[in-house]
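Fold and geometry: a report
What follows is each chain in one-letter form.
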Amino acid sequence: GAGVSQSPSNKVTEKGKDVELRCDPISGHTALYWYRQRLGQGLEFLIYFQGNSAPDKSGLPSDRFSAERTGGSVSTLTIQRTQQEDSAVYLCASSTRLAGGLRTQYFGPGTRLLVL
Amino acid sequence: DQQVKQNSPSLSVQEGRISILNCDYTNSMFDYFLWYKKYPAEGPTFLISISSIKDKNEDGRFTVFLNKSAKHLSLHIVPSQPGDSAVYFCAALTSGTYKYIFGTGTRLKVLA
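Residues numbered from 1 in each chain as written. Chains lettered and ligands numbered in written order. Predicted model: local features only at pLDDT ≥ 70, side-chain atom pairs only at ≥ 80, totals over all residues. Heavy atoms only, no water.

Moving on to unusual backbone geometry. Peptide bonds are, in most cases, trans, and in most cases residues other than glycine have a negative phi. The residue after S7 of chain A, namely P8 of chain A, is reached through a cis peptide bond having omega -10°. Residue position: P8 of chain A is located in the loop between β1 (5-7) and β2 (10-13). Here the residue pair V78 of chain B and P79 of chain B is connected by a cis peptide bond, since its omega of -10° sits within 30 degrees of zero. Along the chain, P79 of chain B turns up in the loop between β8 (72-77) and β9 (86-93). If you check the backbone angles, A41 of chain B has positive phi at about 65° while not being a glycine. Note that A41 of chain B resides in the loop between β4 (32-38) and β5 (45-51). Look at A41 of chain B and you get exposed, because its relative accessible area is 54%. Even without being a glycine, K71 of chain B presents a positive backbone phi close to 50°. By the element assignment, K71 of chain B lies in the loop between β7 (62-67) and β8. (Helix = DSSP H or I, 4+ residues; strand = E, 2+ residues; numbered from the N terminus. Buried < 20%, exposed > 50% of the residue type's maximum accessible area, 1.4 Å probe, protein only.)

All names here are of chain A. As enumerated under the stated definition, the model contains 2 disulfides over all chains in all. Residue pairing for C23: its cysteine sulfur links by disulfide to C92, the two sulfurs lying 1.8 Å apart. One disulfide, between C23 and C92, carries an S-S torsion of -65° and so falls in the left-handed class. Of this pair, C23 sits in strand β3 (residues 19-24) while C92 sits in strand β9 (residues 88-97); the two residues are 69 residues apart in sequence, bridging distant segments of the chain. A relative accessible area of 0% means that C92 is categorised as buried. (Disulfide = S-S within 2.5 Å.)

The structure is reproduced here in structure tokens:
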């Protein structure tokens, strides 16, 4: 498809286990974002990639969270030693430039993570 | 520090009437604003945007108004349709940067 895809769509894991979430952005989009949405809350910025580089990792909640992007395309968000408070929907978005240099984001459907 | 606020968590409107969703921001450096719509189990989809050089942008049934002095923007949907029922997020950005700041969303329910 032409949109942003994410896998898995749902993940249930036990506390303490590691999880890996994947994002396939729209082809040609150089910018990629990860967000987290907890129940009843807004989108929380986690990390931004421009190409394979992540100039700002300050949104990552703790050192248990890491992300990488390879080939300027696929990105993976890894959560180590998951905790119950990590339960959320993890959204990925890619973006392209609009006229005037501004961007809009195209979101994937998200991965719903439940940590038991 | 919530830089973008949507103070109404929910709104119900009768079909055919106007829906008005509000958003306030605190950072005067923001100069680009967007609205996204989100259906359950889907990612947000881009709806409409406005640059701070404008005070109004219209796209079909959707119009966004920006009041820079009040640091307030609103999304008007006229006429509202049942398919508009969704959660609406506003987001703000400072041009030249990458960090979109999202509000907490307003759940719109359009009653048939």
